[in-house]
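One letter stands for each residue in the lines below.
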Amino acid sequence: MTKEKTVLSGVQPTGRPHLGNFFGAMKQFVELQNSYKTFIFVADYHSLTKQQDPEGLRINTKELVLDYLAIGLDPKKTIIFKQSDVPQVTELSWIFNCITTVPYLMRAHAYKDAEAKGGEVNVGTFSYPLLMAADILLYDADLVPVGQDQKQHVEYARDTALKFNRTFTELFKLPEPLILDTVKVIPGIDGRKMSKSYNNTIPLFSSNDEIKNLVMSIVTDSAGDKPENVYAIHSLFRNSNDLEKIYDENRGKYKNLKEALIADITDFIDPLRKKRQEIAQDEDVVNKVLKHGASIAQEIATKKMLEVKKAIGAN
Ligand code: ADP
Ligand code: TRP
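Chains are numbered independently. Their residues run from 1 in the order of the written sequence. Here the convention is simple: chains get letters from A, ligands get numbers from 1, in the order in which they are written. Since the coordinates come from a predicted model, pLDDT governs what is reported: local features require at least 70, and pairs of side-chain atoms require 80 or more to be given and counted, while whole-chain, interface and lining totals use all residues. Only hydrogens and water are set aside when side-chain values are computed; all heavy atoms of the structure are taken into account.

### Things to note about the layout of surface pockets
Short version of the rule: Buried and open spaces are told apart on a 1 Å grid over the protein atoms alone, a cavity being a set of points where a 1.4 Å probe fits but cannot get out and a pocket being an open set with protein on both sides within 12 Å along at least five of seven lines. Residues with an atom within 4 Å of a point are the lining residues. Grid points are joined across faces, edges and corners, and a volume is the space filled by probe spheres set on the points. Under the DSSP-based scheme used, a helix requires at least four consecutive residues in state H or I and a strand at least two consecutive residues in state E, with every element numbered from the N terminus. Three categories are distinguished: nonpolar for Ala, Val, Leu, Ile, Met, Phe, Trp, Tyr, Cys and Pro, charged for Asp, Glu, Lys and Arg, and polar for the others, with Gly belonging to the last.
Size it by volume and the largest pocket reaches roughly 1500 Å³. Gln 12, Lys 50, Asp 149, Gln 150 and Lys 193 are, among the 49 residues lining the largest pocket, the residues nearest its centre. Those elements that provide at least two residues to the lining of the largest pocket are strand E1 (6-11), helix H1 (19-32), helix H6 (109-116), helix H7 (123-138), strand E4 (143-145) and helix H8 (151-167). Looking at the lining of the largest pocket, its residues break down into 19 nonpolar, 21 polar and nine charged. Secondary structure elements with two or more residues in the lining of the second largest pocket: helix H2 (44-47), helix H3 (54-71) and helix H13 (285-312).

### Thoughts on helix H11 (residues 240-249)
Working note: α-helix, 3.6 residues per turn, so residues spaced by three or four point in the same direction. Definition in use: Partly exposed describes any residue whose relative accessible area lies between the buried limit of under 20% and the exposed limit of over 50%, with all areas from a 1.4 Å probe on protein chains only and scaled to the type maximum. This arc is taken over the directions from the axis of the helix to the C-beta atoms. Two residues qualify as a contact provided that any one of their heavy atoms is within 4.5 Å of a heavy atom in the partner residue.
Turning to H11, its buried residues number three or more, namely Leu 243, Ile 246 and Tyr 247. All buried residues of H11 fall inside an arc of 90° around its axis, so they share one side. Turned more than 90 degrees off the buried face of H11, the exposed positions are Asn 241, Lys 245 and Glu 249. Contact partners of the buried residues in H11: helix H10 (228-234) and helix H12 (254-280).

### A short note on the packing of helix H4 (residues 88-98) against H7
This is how it is decided: Axes here mean lines fitted to C-alpha atoms, for a helix over just the part in contact, with angles spanning 0 to 180 degrees between N-to-C directions. Roughly parallel means an angle under 35 degrees; roughly antiparallel means over 145; roughly perpendicular covers 65 to 115; every other angle is labelled oblique. Note on convention: near helix rotated counterclockwise from far helix by under a right angle means a left-handed crossing. Clockwise means right-handed.
Where H4 meets H7, the closest approach of the two axes is 8 Å, and the angle between their N-to-C directions is 120°. Judged by the inter-axis angle, H4 sits oblique to H7. In this structure, H4 meets H7 at a crossing whose hand is right-handed. Touching Gln 88, Val 89, Thr 90, Leu 92, Ser 93, Phe 96 and Asn 97 of H4 are Ser 127, Leu 130, Leu 131, Ala 133, Ala 134, Asp 135, Leu 137 and Leu 138, all from H7. For the contact of H4 with H7, the per-class residue count stands at nine nonpolar, five polar and one charged.

Pasting the structure below:
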């Protein structure tokens, strides 16, 4: 089967991926790689907007590639690469900067959230959606599997493609987000969106002790007789019939319910963790995968940028 459509997504190397990242986005990468031309990258330049720590970045990048491999991304099917290995992406994002207005970017959630916190906001955070648009459009992606919180960014990419096509030449495809209705936003142990930046996650490769401690600390001050946050996380592992039964039988018994969740998460994570350890035995695996991915991604990006330069008159 020739793979006609292209899927592309990325994750920032800002810490350990968690159940929210996995069920919201990463799981789809693995499923889609069989039927789509798939590009999955490490968004290291995006992470620079909030994390300026060279050693941390090196470690997190390597860890994220191991995570990708452990969940089942196959370098023979998926082009796995590092964003910064393809400099054309920043070149393209500059061009996008020049056709985008300031008020339009000021409506981006990420910028508004950063501003609402009151500190200084760097220019990278402001133009973040345009680097993401370049990530997506450079490879002619059709579908972008992400969690609900990234929907607006994919809309920015679409709008940017339209603006470029109108201003210069029809060159870019209009990408669509791929968001699972059943997942959308997974809560963290404090009930807010599970996120590396809130320190409320259950990491995807947690140890058994971590799983136990984290689940036991899930906030359960819900008004009904069902602990909503426990239930929402539990629904990632069991169908609704199973769940209704467990939650009916243990009405109000939060400790039992948490223990059932611990058992399910542990069964799920245990084989993943083992696979990751096996893969990590080969100390060079990350370098090999990234080198291979970079060479393919660079070739595609180089071709596309030649067309872009021609379209804007910089050839
Ligand atoms: P984080 O907020 O933890 O830093 P990222 O911004 O790195 O997460 O997100 C990586 C991917 O995981 C994105 O596609 C994002 O939409 C998805 N994602 C992150 N948190 C959640 C969540 N709590 N529920 C569903 N999807 C999520
Ligand atoms: N902004 C995304 C996130 O925080 C990461 C990302 C960067 C991305 N470029 C992308 C996701 C392109 C999909 C497509 O999760």
